[in-house]
Amino acid sequence: MAESQALFLTCRDSLVRYLAGAVGHGETARDLAQDVFVRVVAATRLPPTDPERRAWLFHVARNIAIDHLRRERHRRADALEAEPVAPAGSGPDTALMVKQALAWLDDLGRDVFLMREAAGLSYAEIAAACGLTPDAVRSRIHRARLQLREFLQQPIQTARARPLRTGLR
Amino acid sequence: MHDVISAFLDNEPFDAEEFSAALATPDGRQLLVDLVALRGVVQPALTAAATQPAASRRTHWLGVAAAVVMLAGGFALGQWAARGNSSSPETAVSATSAPEPTANYRFEPGVNWRETSSTGGH
């Protein structure tokens, strides 16, 4: 129980960032993070090492996000709402454009990208969380980046005009 | 595929020769800079999404604000109407005069009621 809580608290911020990117809404992400917490504390046994625990935690989170998105898609289909539209590459709200661009990615591509960019997981951890090989993760992340590069041309050009940094924040 | 550039950006092991070959072309160098810029675009957006305030709370406060505006508006309208009514003499007279009775009932002692003596009473 204490180990589970410690694991959750250690990863909570990155977990919420990943979930917010996956479901596109911060408040929903925080609610889903609570669902993850319930699952984690209910687990009878945790993986032995920290990287394995992180991978397992994000595996749980991913399943919860997938369930949520599936329900949302059913709800949208019932309400005859449109599918997300590919951003045109211009517009004042970069955060909204990023959200739309992420929604345009396939689910697995979005997950591996977010686990890296939002949560800072290594390729090996992402591979364990998503049931892939590290090489497949590397390929998937790169493909997601190429797609996002296309979608976000205008903000990227704007960002290039400012000093850049390579590291994750 | 140039995914070696992603591996480099993510601090993952990569093949130096492959990376060197990727950067030997203008497209590869352009891609490297674009992906660094992409990170600069995506990271703040992800942080903003994670700290986004609750829509339900916004809706709640909007509801409260709407209720306050409606109450204040209703009160002001009532005040205005009251001032308008009190300035009219005809309305003031009709407001103070009692309405005409629709029926009269008369009760007489010994007919409609009878006084009885009680112990300790009057």
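Residues numbered from 1 in each chain as written. Chains lettered and ligands numbered in written order. Predicted model: local features only at pLDDT ≥ 70, side-chain atom pairs only at ≥ 80, totals over all residues.

Participant: Help me understand the overall build of chain A in this model?
Facilitator: Of regular secondary structure, chain A possesses eight helices and zero strands. Relative to its 169 residues, chain A shows a buried fraction of 40%. Counting contacts in chain A only where the partners sit at least 6 residues apart, residues at least 24 apart contribute 67% of the total. (Helix = DSSP H or I, 4+ residues; strand = E, 2+ residues; numbered from the N terminus. Buried ≥ 20, exposed ≤ 12 C-beta atoms within 10 Å, placed from the backbone. Contact = placed C-beta atoms within 7 Å.)

Participant: Whenever I open this one, the overall build of chain B confuses me. Can you help?
Facilitator: Looking only at helices and strands, chain B features five helices and zero strands. Reading the secondary structure of chain B in the N-to-C direction produces α-α-α-α-α. Counting over 122 residues, chain B shows a buried share of 16%.

Participant: Sorry if this is basic, but what is going on with the interface of chain A and chain B here?
Facilitator: Facing the 32 residues of chain A at the interface are 29 residues of chain B. With seven residues, helix α7 (residues 134–151) of chain A is the single largest residue contributor to the side of chain A that touches chain B. Each residue belonging to the side of chain A that touches chain B can be placed in one class, and the counts come to 14 nonpolar, eight polar and ten charged. (Nonpolar A, V, L, I, M, F, W, Y, C, P; charged D, E, K, R; others polar.)

Participant: How do you make sense of the nonpolar core when you look at a structure like this?
Facilitator: Soluble globular proteins tend to pack their nonpolar side chains together in the buried interior. In this structure, A:Leu15, A:Tyr18 and A:Leu19 are the most contacted members of the largest nonpolar core, which totals 60 residues. Residue contributions to this core peak at ten residues, all from helix α3 (residues 26–50) of chain B. Filtering out sequence-adjacent residues up to four positions away, A:Leu19 remains in contact with A:Ala29, A:Leu32, A:Ala33, A:Ala61 and A:Ala65. (Core = buried A, V, L, I, M, F, W, Y, C linked by C-beta atoms within 7 Å.)

Participant: What should I look at first to understand the environment of B:Arg29 in this one?
Facilitator: All names here are of chain B. For arginine 29, the location among the structural elements is in helix α3. Note on arginine 29: 13 C-beta atoms within 10 Å, which makes it partly exposed. Measuring from C-alpha to C-alpha, the distance between arginine 29 and glycine 40 comes to 17 Å, with eleven residues separating the pair along the chain.

Participant: How do you make sense of helix α2 (residues 26–42) of chain A when you look at a structure like this?
Facilitator: An α-helical turn contains 3.6 residues, so a residue and the one three or four places further along point in the same direction. Residues and elements named next belong to chain A. With 17 residues, α2 should cover 24 Å at 1.5 Å per step; its first-to-last C-alpha distance of 24 Å lies within 8% of that length. All of the buried residues along α2 are Gly26, Ala29, Leu32, Ala33, Val36 and Val40. Along the axis of α2, the buried residues cluster in a sector spanning 110°; they form a single face. Those residues of α2 that are exposed and angled more than 90 degrees off the buried face are Gln34, Val38 and Ala42. (Expected span 1.5 Å × (residues − 1). Arc of directions from axis to C-beta.)

Participant: Quick question: what am I supposed to make of helix α1 (residues 2–23) of chain A here?
Facilitator: Approximately 60° is the largest bend angle found in α1(A), and it occurs at A:Arg12. Phi turns positive, to about 80°, at A:Gly24, one or two residues after α1(A). (Bend = angle between axes of the 7 residues up to and from the residue.)

Participant: Whenever I open this one, the packing of helix α5 (residues 107–117) of chain A against α7(A) confuses me. Can you help?
Facilitator: Relative orientation and spacing of two packed helices are given, respectively, by the angle between their axes and the distance between those axes. All names here are of chain A. Where α5 contacts α7, the two axes come as close as 8 Å, and the packing angle between them is 95°. Comparing the axis directions of α5 and α7 gives the class roughly perpendicular. Residues Leu108, Gly109, Arg110, Val112, Phe113 and Arg116 of α5 touch α7, and the partners they reach there are Val137, Arg140, Ile141, Arg143 and Ala144. Considering only residue class, the contact of α5 with α7 consists of six nonpolar, one polar and four charged. (Axes fitted to C-alpha atoms, helices over the stretch in contact; angles between N-to-C directions. Parallel < 35°, antiparallel > 145°, perpendicular 65-115°, else oblique.)

Participant: Which parts of the structure should I look at to understand the packing of helix α8 (residues 153–160) of chain A against α3(B)?
Facilitator: Where α8(A) contacts α3(B), the axes come no closer than 8 Å and their chain directions differ by 100°. It follows from the interaxial angle that α8(A) and α3(B) lie roughly perpendicular. From α8(A), A:Pro155, A:Ile156, A:Ala159 and A:Arg160 reach across to α3(B), where they touch B:Val33, B:Asp34, B:Ala37, B:Leu38, B:Gly40 and B:Val41. Residues of the contact of α8(A) with α3(B), tallied by class, amount to seven nonpolar, one polar and two charged.

Participant: Any chance you could explain unusual backbone geometry here in plain terms?
Facilitator: Negative phi characterises most residues that are not glycine, and trans characterises most peptide bonds. Of note in the backbone geometry, B:Asn11 takes a positive phi value of approximately 60° without being a glycine. When you line up the elements, B:Asn11 lands in the loop between α1 (3–9) and α2 (16–22).

Participant: Got a minute to help me understand the environment of A:Leu132 in this structure?
Facilitator: All names here are of chain A. Checked against the element boundaries, leucine 132 lands in the loop between α6 (123–130) and α7. We classify leucine 132 as partly exposed; it has 18 C-beta atoms within 10 Å. On a C-alpha basis, the gap between leucine 132 and leucine 105 in space is 18 Å, while along the polypeptide they are 27 residues apart. Other than its neighbours up to four places away in sequence, leucine 132 contacts Ala127 and Val137.

Participant: What exactly am I supposed to notice about the confidence of the model for chain A here?
Facilitator: Model confidence for chain A is summarised by a mean pLDDT of 88, while 89% of its residues fall at 70 or above. Here helix α3 (residues 50–78) of chain A is the element of chain A with the lowest mean pLDDT, 90, and α7(A) is the one with the highest, 97. (pLDDT = per-residue confidence, 0-100.)

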